[in-house]
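# Results of the structural survey
Residue strings, one per chain:
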Amino acid sequence: MSELAPMKESGKALAESKKGELLQYLTFKLIDETYGINVLQIKEVLRYSEIAPVPGAPSYVLGIVNLRGNVVTVVDTRVRFGLPECTITDDTRIIIIEHGGEQIGLLVDAVQEVFYLYQGEIEQSPSVGNDEALKFIQGVYQKDDELVILLELDRMFERNEALGIEAM
């Protein structure tokens, strides 16, 4: 019987290796949809605070905030995805990410939870929805009874996507 336990363990390890790397995602809401960001890309989550507008910035750039002496550009994630603008509530949060050595804030309706999944559990995203949001989708994950749209932030802030941060 002691010989069976190592076999079960090695079988479990083999099954897990086929699923790929274990990843951790933070979920947030935009309207009624749930989105996920890999936690390795997140610096921190802030409560909503006043955002100073920047004249001439793209429509999806709300402005800037001072975060412990660092200027952080804040993007209205809804507008970036081609959705209606956000109404600020007590649940509104700014997710601070780092991209290309710069900190960027993503304004979201609410932050939900952190969960784990394997790379192999990410499904290809269907070709539905508006083209603006589709370019930023890495894939989807069925979590319990909810579909989580997993974002690829590198695509969202590629140079050719013209975030408008450089001009500010």
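To keep things clear, this report deals only with the structure shown in the data block. (Residues numbered from 1 in each chain as written. Predicted model: local features only at pLDDT ≥ 70, side-chain atom pairs only at ≥ 80, totals over all residues. Heavy atoms only, no water.)

On to the overall build of the chain. Each helix and strand counted, the chain has 4 helices and 10 strands in total. Seen in sequence order, the chain has helices and strands lined up from the N terminus as α-β-β-β-β-β-α-β-β-β-α-β-β-α. Sequence-distant contacts in the chain: of pairs separated by 6 or more residues, those separated by 24 or more amount to 57%. Element-wise, carbon and sulfur atoms account for 50% of the exposed surface of the chain, whose accessible area totals about 9,800 Å². (Helix = DSSP H or I, 4+ residues; strand = E, 2+ residues; numbered from the N terminus. Contact = heavy atoms within 4.5 Å. Areas by Shrake-Rupley, 256 points an atom, 1.4 Å probe, with all protein chains shown as cover.)

The 5 strands lie next to each other as E3-E6-E7-E5-E4, forming an open sheet whose pairing is mixed. Only two strands of the sheet have a single partner each, and these edge strands are strand E3 (42-47) and strand E4 (61-67). Pairwise comparison of adjacent strand axes, ignoring direction, gives a mean angle of 30° for this sheet. Where E4 and strand E5 (residues 70-76) come together, 6 bridges link them in antiparallel fashion. What sits directly across from glycine 63, in E5, is valine 74. (Pairing = 2+ DSSP bridges. Axes fitted to C-alpha atoms, helices over the stretch in contact; angles between N-to-C directions.)

We now examine the sheet that holds strand E2 (residues 33-38). Reading across the sheet, the 5 strands line up as E8-E1-E2-E10-E9 and stay open at both edges, with mixed pairing between neighbours. Each having just a single partner strand, strand E8 (110-118) and strand E9 (137-143) make up the two edges of the open sheet. The sheet shows a mean angle of 35° between the axes of neighbouring strands, taken without regard to direction. Where E2 and strand E10 (residues 146-151) come together, 3 bridges link them in parallel fashion. Bridge pairing in E10 links threonine 34 to valine 148.

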